[in-house]
Amino acid sequence: MRTVASQVFVLQVAVVLLLVIAAVAALVLQSRNDSEDAARDRSVAVAETFAQSPGIQQALKSPDPTKVLQPLTERVRKSADVDFIVVTNDHATRYTHPLPDRIGKQFVGNIQPALEGRVVVEWITGTIGPLVQAIVPVFDTDGTVIGTVTSGVTVENVSGTAEQQLPVVLVAGGSALVLATGGTALISRRLRRQTHGLGPTELSRMYDHHDAVLHAVREGVIVVDGNRRLVLANDEARRLLALPADAEGQRVSDLDINPSMTELLVSGRTATDEVHPAGDLMLAVNQRSTGRNGWPPGSVATVRDTTELQELTGRADVAHARLRLLYDAGLKIGSSLDVVQTAKELADFAVPQFADFATVDLLDQVLRGEDPVYAGAGTYPMRRIALSGVRNNPPIYPLDSLIDFVPATPQATGFLSGRAILEADMTSYAGWQEQDPARARKMVHYGLHSMISVPLQARGDVLGVVTFWRSGKPKPFDDEDVSLAEEFVTRAALAVDNARRYTREHTMAITLQRSLLPSALPVYSAVEAAHRYLPAHAGMGGVGGDWFDVIQLSGCRVAMIVGDVVGHGMHAAATMGRLRTAVHNFAALDLAPDELLWHLDELVARIDHEETGYSERPAITGATCLYMIYDPISRRCVMARAGHLEPALVHPDGSVEFPELPAAPPLGLGGLPFETAERLLPEGSRLVLFTDGLIENRERDIDEGLNMLRDALAAAPPTPEGTCGVVLDALLPARPSDDIALLVARTKALDAEQVADWDVPGEPSAVSATRDAVAEKLGAWGLDDMAFTTELILSELITNAIRYTTGPIRVRLIRDVSLICEVADSSSTSPHLRHAATMDEGGRGLFLMAQFADRWGTRYTTEGKVIWAEQALPDEE
């Protein structure tokens, strides 16, 4: 209760509570008085009604009045809600009573006035409590009193109705008390908030303290009211604004202060650190409105002297701007691993933030990714690869010029010394104009007046020079600008050098990849093939491990392969070369696709085990491969895959399908067998083999890519070259994130006239008959000159088959670009070429066959093996 707010609060609550108690007491008294009046009125009314009721006189005169009146009075008592009705004779003897034992006894009460003919109402306390009873006379026909009727009501019975209303009265009074208390509390709370709970003593003390502080601080305080009159100005404000002693109370517009300061104080607008002059001073002003939260309208302003800080602030702003420039340079220069793009970013960034024109000149070796090599003393040829300016056609060397800077130029001097060279006044025609005097005069006439040449140096090598010019900016370059130029050129030099090194690595990887892939596919009798290989974009991985191949097999068959090694760079390219070489070696053994993949899987697992055990190079597990063999004679294609996508098959009518091949894990995982699928292909079908980089990238998934490939193949021309072009035009992204290998082969079929075969009985005498049949066929083909060597080869092969096998023997001749002789038997053993000793009787036949045949070999089938020999056809004249 120490504060005024608390005291007011308690007083108001007490007053409201007193009023509520008084109201409730008055209501109770009024209710009591009303209850007594109601009891009197009810008892009089019941008694008079019963006394004047018909038949009452006859009942009183009857021999037994009680018998007649007792039931009647009880019914009336209950219906009238009174406590008793008593009928007496003129001697006050009771005829009726609620208690039968009281009948016949004398009436207790002031009955005499009623016997005299008057109505008597009296308050008594009976056996049933305080009550009101009315005694009414009963008159005979001649006016004499022959009896009385008394009706009585207890106060409790009548007051119950009024008392039932008392809770409502109390609730209403309590609500009024709560409402009054709440309102008082809110008002008291607001008063307490406005005074912060302080009493008069505390407020006075606080005012004294604030006044002392206000005049002691070294910052001016000005308070202006809603009429824009000066209410208060402390000592510092008076000093800074040179205010007179009687300034308080005057209008701000009448004070002799700076117009801009006057406008601010009159407007009352919000201001934060606005700088306004005041004589020789520069004042920082902050202003806020006071007309909020119930406070008086007006404004308060603070003023401080910032004259000494202006110069320091300017320097800090310049330093901050330079740091910001360096930070932005680090973000915007070197966004790609491309030398030319990085140089262009450097030139574009410098203009116009730092210079009006900027050029970047690099040694040609740097552009090729090579280490910089200087041509010799006195000559510094560089190529201009970036130029940026605020105007077009400046009289400086254009883009892509090869410039041989003479030693006197700032570019050559800086390149040789490794430090920046400043030419603050180009109009003086110092040594920089010796490069091209005529061009120098045009440059000065154009407005170029200041230049900085900074060597582009990284990791001890000078890669080129960056030159900055100013023309539109009147202020020339100074030493601080030289330091700033060196800073962000040094940062850019690292990006350029990184791009140069990446270019070198990328070039080496591409060279290796190209050397390991077939540069051109020869002409095959089985298929007409075309291919495309595109490495990923240099900034997104570069050369990867995608590869393809077409291998000529025996019997005019061809094998087609496409594969993908996970990863990019030199390691992926080298791994691809190892796998391609392995496939060539396995294909030379004429292995079936599933068997070849099994051997390749074993090889990859072995290589992974060796490399991960002895080096930190990553394993090559994850390589995929699709291998298929096409036979132009039977037109059958056998296919198998190891984690690779199915090929696309384009039928001669243009319909496209993706044949389902048995799924198998990528190479190197092992544990699961590889399975083959076989299709009979019509002549002119196109087999499309590809890697996932063609159909999948960041913008689309595999399903969408396959649908796009299907549409492109359906619309492509029938030639393999045309198909490759249409597919790449439709699916190739602008910046491939993965390398792409594409192989398209259109199938051919050998004519039946180009193939001849015979079944040979397992008897030595059959050799002669077979030789005659072969000679006849060769004559029909016009190959009589080859009959002798062909008969010699077949005789040796058939004789060996008869001698060492027991099953059926079949001979086949194929005339294609060469003459192919094949002998098939049921044995799975292969003959071995050896040199027979002088005394040996056998072992010379196979040796002689190998001498006459250009190539020969063995391939295994499900029924046995086929030994074949190939001879070149004679040149046609």
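Up top is the structure.
Report follows, based on the coordinates. Owing to the predicted nature of the structure, the values given are computational and were not obtained by experimental measurement.

## Some thoughts on the packing of helix 18 (residues 702-715) against helix 19 (residues 720-731)
- Two elements in contact, helix 18 and helix 19, have axes separated by 9 Å at closest approach and are oriented at 140°. Looking at the two axes, helix 18 sits oblique to helix 19. Helix 19 is crossed by helix 18, and the crossing has right-handed handedness. Across the interface between the two elements, Gly705, Met708, Leu709, Ala712 and Leu713 from helix 18 touch Thr723, Val726, Val727, Ala730 and Leu731 from helix 19.
- Residues of the contact of helix 18 with helix 19, tallied by class, amount to eight nonpolar, two polar and no charged.

## Observations regarding the sheet that holds strand 16 (residues 527-534)
- The strand order 16-25-24-21-22 describes an open sheet built from five strands, whose pairing is antiparallel. With one partner strand each, in any of the chains shown, strand 16 and strand 22 (656-657) form the two edges of the open sheet.
- As defined by bridge partners, strand 21 (residues 648-650) adjoins strand 22 across two bridges and the pair is classed as antiparallel. The partner of Val650 across the bridge, within strand 22, is Val656.
- Along the sheet face, helix 19 touches strand 16, strand 24 (686-690) and strand 25 (740-747) and points at about 30° away from the line of strand 16.

## Points about the packing of aromatic side chains
- A full pass over the atoms with the stated rule returns three aromatic pairs.
- The interplanar angle of 90° and the centroid separation of 5.3 Å between the aromatic rings of Phe354 and Phe468 together place this pair among those described as edge-to-face. Residue Phe354 is found in the loop between helix 11 (339-350) and strand 10 (357-362), and its partner Phe468 is found in strand 15 (residues 461-470); the two are separated by 114 residues along the sequence. Across this residue pair, the class does not change: Phe354 and Phe468 are buried.

## Observations concerning helix 9 (residues 259-267)
- Here helix 9 has its buried residues at Met261, Thr262, Leu264 and Leu265. Buried residues in helix 9, looked at end-on, bunch into an arc of 165°, giving them a common side.
- Positive backbone phi, at 70°, marks Gly268, one or two positions downstream of helix 9.

What counts, and at which threshold
Residues numbered from 1 in each chain as written. Predicted model: local features only at pLDDT ≥ 70, side-chain atom pairs only at ≥ 80, totals over all residues. Heavy atoms only, no water. Axes fitted to C-alpha atoms, helices over the stretch in contact; angles between N-to-C directions. Helix = DSSP H or I, 4+ residues; strand = E, 2+ residues; numbered from the N terminus. Parallel < 35°, antiparallel > 145°, perpendicular 65-115°, else oblique. Left-handed = near helix turned anticlockwise from the far one by under 90°. Contact = heavy atoms within 4.5 Å. Nonpolar A, V, L, I, M, F, W, Y, C, P; charged D, E, K, R; others polar. Pairing = 2+ DSSP bridges. Phe/Tyr/Trp six-rings, centres within 6.5 Å; stacked < 30°, edge-to-face > 60°. Buried < 20%, exposed > 50% of the residue type's maximum accessible area, 1.4 Å probe, protein only. Arc of directions from axis to C-beta.

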